[in-house]
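The primary structure of each chain is shown beneath.
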Amino acid sequence: MKRYAPSQRSLLHKLVLAPYSIWAALFILVPLAFVAYYAFTDSNFNFTFENISRFFTATSVISDGESTREVYTYLLIFARSLKLAVISTFICLLMGYPMAYIMSRASSRTQKVLVTLIMIPMWMNFLIRTYAWMTILQDTGILNGLLGFIGLGPMHIIGTESAVVIGMVYDYFPYMILPIYSVMAKMDIKLIEAARDLGCNSLGVLRRVIWPLSLPGVISGVIMVLIPSISTFYISQKLGNGKFYLIGDAIEGQYVANNLHFAAAIAFILMVILLVCMAFMQRYANKKAVAA
Amino acid sequence: MKPASKIFTALVMIFLFAPIVILLVFSFNEAKSLSVFSGFSFYWYRELFRDSETLNAVKNTLVLAVCASAISTIMGTAAAVGINKLRNRYLHAVMDTVTNIPMINPEIITGISLMLMFVFVGRLFGAATSLSFWTMLIAHVTFCLPYVILQVLPKLQQMDSALPEAAMDLGCTPLRAFFKVEIPEILPGIVTGLIMAFTLSLDDFVISYFTAGNGFQTLPIRIYSMTKKTVTPKMYALATIIFFVILALLLISNLSDSDGSRVIKEAKQKRKKLKAQNSI
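Residues numbered from 1 in each chain as written. Chains lettered and ligands numbered in written order. Predicted model: local features only at pLDDT ≥ 70, side-chain atom pairs only at ≥ 80, totals over all residues.

### Concerning the overall build of chain B
Alright, step 1. Along chain B, the regular secondary structure elements total eleven helices and zero strands.
Alright, step 2. Secondary structure elements of chain B, listed N to C terminal, follow the sequence α-α-α-α-α-α-α-α-α-α-α.
Alright, step 3. Taking 19 Å as the expected radius of gyration for a compact globule of 280 residues, we find that chain B reaches 24 Å, considerably beyond that expectation.
Alright, step 4. For the C-alpha atoms alone, the extent of chain B along its principal axes is close to 75 × 65 × 35 Å.
Alright, step 5. When the 280 residues of chain B are sorted by exposure, 37% land in the buried category.
Alright, step 6. Considering only intrachain contacts with a sequence separation of at least 6, the fraction spanning at least 24 residues in chain B is 75%. (Helix = DSSP H or I, 4+ residues; strand = E, 2+ residues; numbered from the N terminus. Rg over C-alpha atoms; globule rule 2.2 N^0.38 Å. Buried ≥ 20, exposed ≤ 12 C-beta atoms within 10 Å, placed from the backbone. Contact = placed C-beta atoms within 7 Å.)

Now the structure itself:
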């Protein structure tokens, strides 16, 4: 009988890993290097800081009726993206956390049904979902019809920052619920009972037992909502009527204008900022885990 | 559930399904309006099936999703096997980090980065347009791979490593042991990975938008160009059809899932009975 030496087997394992290693190097790492390369070169591929400095120094004049003021164009766009993304993430957390808790405490049959229900909208293309909100929020849309019917009068929603936030919350809401739910479903209910037996009130149980235990789910939920909402470009175009340029719109706009080097520069800056944020969050999570 | 929980759940469900219900209802609208329902008709469905460009986009999307999910499932499963066997901790960490990049990076950056490379390489070879079906396929395989690996890897880690070794001790070649012993063990992970890759590829817009050539249009890109102009309920008809296809798939997978678990339960009960009889 032929026996296979461990060295032969390990060679085999290296062989099966080879295609993916090559693929990952060629199509994950090299493209990221190209972002940096384009960001730091001009159209003749000579080294330059021009694109990066343009992001930080480009100014434009905006007028709101009577007064006009000069602003840093891209810094303002970035600040606006961050603001809307943080608001959306916070609303998702505020709605998603109790929902995940309710789901994790339901019977296993109800849990399964609720998870399926929450996932169904995710299977619809997000362009269509966003477009449906556009027709709902229009000045002559269904929501204003309902509001007029109960006497709250028509409200102007489409084209405001609120409309963009509604779109972001709707599109990314399941990404908040599902990670929190999966952590909470595994939580040992005896811990909650023990805390109660030892005299903890409901708020204390939430603050001292449930919240710390669910923190890993919350962190991955926050990351999964924050990152797509900070970099979106379709939602702001449709629900903001293109009035609210976000960082994603800036990248897409430069791409459409065939201004690839500046598009790469914006993408590069966004990537660096997100990496720094994520490193901080991960460290915070690790510290909490160690403390617990 | 407490009444307060029930009310909260109901409100969340209304929020999640209101747009979808509106979509379904207005796809049957007689008139072009997307806010006033004037009468029931199948007009927009007939219009949809006359729109050859959209139908072609559906075909393209399916072809791309089948190719991308097949390639990423095979390569991803092989990669998971290799990663699982990596003894070097440093290499292991490198592979983990690289695999995480497409999942953590915003889609727009993945799309832009691939596009920049394709354009650059295309220019090297003097091609006027370097974006085509093939660049899209590469992009889709790239963003599907991590999801396949993350589904298969835990199954490999759960598997008893003595199983394939026993098979090899009994005279299996490593390859035969892999197909006869390891594959059946990790099959649930492979199937979940395949389904995830397929749906991700079907649904992707952002990365496709940056890597698509002029000649090859997928459904999300077609929808994007439709929503740039004023939209007719034709798109709602399309969304309704997609919705019911998804619903049917989900119901079928749930049914077969509960069937599967029932079979396992019955087998377990039988085994228990046998054990009880043996102990007597």
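### A few points about the overall build of chain A
Alright, step 1. Across its full length, chain A carries twelve helices and two strands.
Alright, step 2. Mapped in sequence order, the helices and strands of chain A form the string α-α-β-β-α-α-α-α-α-α-α-α-α-α.
Alright, step 3. Over its C-alpha trace chain A gives a radius of gyration of 24 Å, far above what one expects of a compact globule, namely 19 Å for 292 residues.
Alright, step 4. Each principal axis of the C-alpha atoms in chain A carries an extent, and together these give about 70 × 70 × 40 Å.
Alright, step 5. Intrachain contacts of chain A at a sequence separation of at least 6 include 67% that bridge at least 24 residues.

### Quick notes on the domain arrangement of chain B
Alright, step 1. Structurally, chain B comprises domain 1 (1–41) and domain 2 (50–236).
Alright, step 2. Relative to domain 2 of chain B, the C-alpha centre of domain 1 of chain B lies at a distance of 34 Å. (Domains from an automatic or database assignment.)

### With respect to the confidence of the model for chain B
Residues and elements named next belong to chain B.
Alright, step 1. In the predicted model, chain B carries a mean pLDDT of 85, and 90% of its residues have values of at least 70.
Alright, step 2. Across chain B, helix 3 (residues 52–85) holds the top mean pLDDT of 93, while helix 11 (residues 234–279) sits lowest at 71.
Alright, step 3. Prediction confidence for the complex, expressed as pTM and ipTM, is 0.86 and 0.87 respectively. (pLDDT = per-residue confidence, 0-100.)

### Some thoughts on the interface of chain B and chain A
Alright, step 1. Tallying the contact residues gives 57 residues for chain B and 62 residues for chain A.
Alright, step 2. Going through the elements one at a time, helix 1 (3–27), helix 3, helix 4 (89–104), helix 5 (107–124), helix 6 (133–158), helix 8 (174–203), helix 10 (219–228) and helix 11 of chain B are the ones with two or more residues in the side of chain B that touches chain A.
Alright, step 3. The class makeup of the residues in the side of chain B that touches chain A is 44 nonpolar, eleven polar and two charged. (Nonpolar A, V, L, I, M, F, W, Y, C, P; charged D, E, K, R; others polar.)

### Points about the domain arrangement of chain A
Alright, step 1. Partitioning chain A into structural domains gives domain 1 (1–39) and domain 2 (71–291).
Alright, step 2. For domain 1 of chain A and domain 2 of chain A, the distance between their C-alpha centres works out to 35 Å.

### As for the nonpolar core
Nonpolar side chains tend toward joint burial in soluble globular proteins.
Alright, step 1. Counting 135 residues, the largest nonpolar core has V35, A264, I266 and A267 of chain A together with I112 of chain B as its most contacted members.
Alright, step 2. At 15 residues, the largest contribution of residues to this core is made by helix 7 (residues 161–185) of chain A.
Alright, step 3. The contacts of A267 of chain A, once residues within four sequence positions are left out, are V35 and I251 of chain A together with I109 and I112 of chain B. (Core = buried A, V, L, I, M, F, W, Y, C linked by C-beta atoms within 7 Å.)

### Some details on the environment of T240 of chain B
Residues and elements named next belong to chain B.
Alright, step 1. Inspection of the secondary structure puts T240 in helix 11.
Alright, step 2. Of the residues examined, T240 has 22 C-beta atoms within 10 Å and is grouped as buried.
Alright, step 3. Discounting residues that sit within four places of it in the chain, T240 has contacts with L23, L24 and S27.

### Overview of the packing of helix 7 (residues 162–169) of chain B against helix 8 of chain B
Residues and elements named next belong to chain B.
Alright, step 1. Running from N to C, helix 7 and helix 8 point in directions that differ by 145°, and their axes come no closer than 9 Å. Taken as a pair, helix 7 and helix 8 cross one another with a handedness that is right-handed. Counting all contacts with helix 7, which are made through L163, P164, A167 and M168, the residues of helix 8 involved are P174, A177, F178, K180, V181, E182 and E185.
Alright, step 2. Along the lines of polarity and charge, the residues of the contact of helix 7 with helix 8 split into eight nonpolar, no polar and three charged. (Axes fitted to C-alpha atoms, helices over the stretch in contact; angles between N-to-C directions. Left-handed = near helix turned anticlockwise from the far one by under 90°.)

### Topic: the confidence of the model for chain A
Alright, step 1. Per-chain confidence: chain A averages 87 in pLDDT, with 95% of residues scoring 70 or above.
Alright, step 2. No element of chain A has a lower mean pLDDT than strand 1 (residues 59–64) of chain A, at 78, and none a higher one than helix 3 (residues 73–105) of chain A, at 94.

### Some remarks on unusual backbone geometry
All names here are of chain A.
Alright, step 1. Even without a glycine there, the phi angle at F45 is positive, about 60°.
Alright, step 2. Secondary-structure assignment places F45 in the loop between helix 1 (6–39) and helix 2 (50–57).
Alright, step 3. F45 sits in the exposed class, given 12 other C-beta atoms within 10 Å.
Alright, step 4. Here the phi dihedral of N258 falls at roughly 60°; this positive angle occurs in a residue that is not glycine.
Alright, step 5. The exposure class of N258 is exposed, given the 8 C-beta atoms found within 10 Å.

### Concerning the pairing of strand 1 of chain A
Residues and elements named next belong to chain A.
Alright, step 1. In terms of burial, strand 1 is a largely surface element, zero of the six residues being buried.
Alright, step 2. Sheet topology places strand 1 next to strand 2 (residues 67–72); six bridges connect them, and they run antiparallel. Bridge assignment links S60 to a residue of strand 2, and that residue is V71. (Pairing = 2+ DSSP bridges.)

### Some points on the packing of helix 4 of chain B against helix 6 of chain B
Residues and elements named next belong to chain B.
Alright, step 1. Packing of helix 4 against helix 6 leaves a shortest axis separation of 9 Å and a crossing angle of 120°. Comparing their axes, helix 6 and helix 4 come out oblique. Pair helix 4 / helix 6 crosses with left-handed handedness. Between helix 4 and helix 6, the residues in contact are T99, N100, P102 and M103 and T142, F143, P146 and I149, respectively.
Alright, step 2. Taken together, the residues of the contact of helix 4 with helix 6 sort by class into five nonpolar, three polar and no charged. (Parallel < 35°, antiparallel > 145°, perpendicular 65-115°, else oblique.)

### Quick notes on the environment of A31 of chain B
All names here are of chain B.
Alright, step 1. Examined against the element boundaries, A31 turns out to sit in the loop between helix 1 and helix 2 (43–50).
Alright, step 2. By the C-beta count within 10 Å, which is 13 here, A31 ends up partly exposed.
Alright, step 3. Along the chain, A31 and K2 lie 29 residues apart, while their C-alpha atoms are 44 Å from each other.

### Quick notes on helix 1 of chain B
For the α-helix, the turn length of 3.6 residues means that residues three or four positions removed from each other point alike.
All names here are of chain B.
Alright, step 1. In this model helix 1 runs 35 Å from its N-terminal to its C-terminal C-alpha over 25 residues, within 8% of the 36 Å that 1.5 Å per residue would give.
Alright, step 2. A maximum bend of about 45° is found in helix 1 at F17, where proline P19 lies one to four positions downstream.
Alright, step 3. Where helix 1 is concerned, the buried positions are V12, P19, I22, L23, F26 and S27. (Expected span 1.5 Å × (residues − 1). Bend = angle between axes of the 7 residues up to and from the residue.)

### Side note on the environment of I230 of chain A
Residue and element names in this part refer to chain A.
Alright, step 1. Here I230 lies in helix 9 (residues 202–231).
Alright, step 2. Classification of I230 as buried rests on a count of 26 C-beta atoms within 10 Å.
Alright, step 3. In this structure the C-alpha to C-alpha distance between I230 and N51, which are 179 residues apart in sequence, comes to 21 Å.
Alright, step 4. Every residue in contact with I230, bar those within four places of it in the chain, is listed here: S81, L82, A85 and I247.

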